Amino acid sequence: MSEFTEIICEKQGGICIIKINRPKVLNALVPSVFYELNQALDEIEADPEIRVVIITGEGRAFAAGADITYMKDLDAKGAKAFATHITSVLRRMESMEQIFIAAVNGYALGGGCELSMACDLRITEAGTKFGLPETGLGIIPGFSGTQRLTRLVGLTIAKEMVVTGKKIDGVEASRIGLVNKVAEDGKLMEEAIDMANQILKNASLAVSYGKEAINRGIQLDMDSAIDFETNLFGLCFATEDQKEGMTAFCEKRKPHFVNR
Ligand code: COA
């Protein structure tokens, strides 16, 4: 993969690991991080081998939010453009076939929390601090945090987190359903890679259809969402992997998926 400056990308077989790389400022997010991330997404989409992307942070934070020194002098138009750019990259991640896992280390505050929420799955450590502290800076979350947090944890907790700006640790984040798993201390990346490998064992089209059915379905009324799911369910039966998966079960052996 290309060499970047604001991020580090490394391909390990079917997995691409992306590290946000501004550790001196706890990976505070500026537009260049997202220009590079978007370029990395182009390369990921063009590489059929990559099926899982793990996003993490270099140093002691996943990301401690959007860069406050960058945002301080923005006017209303500039701030909206900043948020529009970043939310378009986050939305792109949700529409891609690959599964995104956030391996959330240290701090996921503000934009860092929002970046993790745009991933499909989140794994963290007990001591990691999550929060949307924007109201304490005179702003609201602008990278879709009010929307994604509400969809992930519900109105009650999302409102409390947004209006109080309180920080919660990894254990609490797991309890409220904001993260999928709390890794043992020091084993965050190992456990994120284990999670990626569990996904890689499955039929890739089925995995992508599962992601699409959930992401699209949640935006639709129930009947349309069910229609959407049944269409994708039908399409699975046009794949070689469905035949192989079910034949392997009947023959009491492991399937050999070809990702078609
Ligand atoms: N924007 C810009 N710089 C940031 C930043 C942010 N969101 N978060 C951290 N940094 C910088 C600090 O200014 C500091 O820079 P310096 O060494 O030049 O002074 C460096 O990162 C290290 O942070 P520091 O505050 O010294 O570390 P800490 O361990 O004492 O505290 C945090 C860690 C995360 C609690 C604290 O940095 C913080 O509250 N950050 C802002 C969180 C926030 O409000 N995010 C939402 C933004 S919308």
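On a predicted model such as this, the values are computed, not experimentally measured, just so you know.

Rules behind the numbers
Residues numbered from 1 in each chain as written. Predicted model: local features only at pLDDT ≥ 70, side-chain atom pairs only at ≥ 80, totals over all residues. Heavy atoms only, no water. Domains from an automatic or database assignment. Contact = heavy atoms within 4.5 Å. Buried area = accessible area lost by both parts, 1.4 Å probe. Salt bridge = Lys/Arg side-chain N within 4 Å of Asp/Glu carboxyl O. Polar contact = N/O pair within 3.5 Å; in protein donor to acceptor, adjacent residues only side chain to side chain. Helix = DSSP H or I, 4+ residues; strand = E, 2+ residues; numbered from the N terminus. Core = buried A, V, L, I, M, F, W, Y, C linked by side-chain atoms within 4.5 Å. Buried < 20%, exposed > 50% of the residue type's maximum accessible area, 1.4 Å probe, protein only. Near = heavy atom within 4 Å. Areas by Shrake-Rupley, 256 points an atom, 1.4 Å probe, with all protein chains shown as cover. Nonpolar A, V, L, I, M, F, W, Y, C, P; charged D, E, K, R; others polar.

Q: Go over the domain arrangement of the protein, please, and point to the residues and values.
A: By domain assignment, the protein separates into domain 1 (7-200) and domain 2 (204-250). If you average the C-alpha positions of domain 1 and of domain 2, the two centres end up 27 Å apart. The partner domain 2 presents 6 residues to the 11 residues of domain 1 that form the contact. Both sides together, the interface formed by domain 1 and domain 2 hides about 670 Å², and carbon and sulfur atoms give 51% of it. Along the contact surface separating domain 1 from domain 2 lie 1 salt bridge. Here Asp 120 makes a salt bridge to Lys 211, at a shortest N to O gap of 3.0 Å. The interface formed by domain 1 and domain 2 includes 7 residue pairs in polar contact (both at pLDDT 80 or more). When residues of the side of domain 1 that touches domain 2 are traced back to their parent elements, those giving at least two are α3 (76-95) and β4 (99-104).

Q: Can you explain the nonpolar core? Please cite residues and give values.
A: Counting residues in hydrophobic clusters, the biggest one holds 49 residues, and the most contacted among them are Ile 18, Phe 34, Ile 55, Met 93, Leu 115, Phe 130 and Leu 178. Among all residues touching Leu 178, those that are not within four sequence positions of it are Met 117, Arg 122, Phe 130, Leu 149, Leu 152, Val 153, Ile 168 and Ala 173. In terms of nonpolar packing, the next biggest core, distinct from the first, is built from 15 residues, Leu 188, Ala 192, Met 195 and Ile 199 among them.

Q: Can you explain the site of the ligand? Please cite residues and give values.
A: Neighbouring the ligand are 16 residues, the closest being Val 25, Arg 60, Ala 64, Ala 66 and Ile 68. Separating an oxygen atom of the ligand from a side-chain N or O atom of Arg 60 is a distance of 2.9 Å. In the environment of the ligand, a nitrogen atom lies 2.9 Å from a nitrogen or oxygen atom belonging to the backbone of Ala 64. Isolated, the ligand exposes 850 Å² of accessible area, and the fraction of that covered by the protein chains is 58%. Secondary structure elements with two or more residues in the shell around the ligand: α2 (68-71) and β5 (107-109). Within the shell around the ligand, the residues separate by chemical class into 11 nonpolar, 1 polar and 4 charged.

Q: For the environment of Thr 69, give the residues involved together with the corresponding values.
A: With respect to the helices and strands, Thr 69 occurs in helix α2. Given a relative accessible area of 66%, Thr 69 falls into the exposed group. Sequence spacing of Thr 69 and Glu 160 is 91 residues, and the spatial spacing of their C-alpha atoms is 26 Å. At 2.4 Å, the side chain of Thr 69 and the side chain of Asp 67 are in polar contact.

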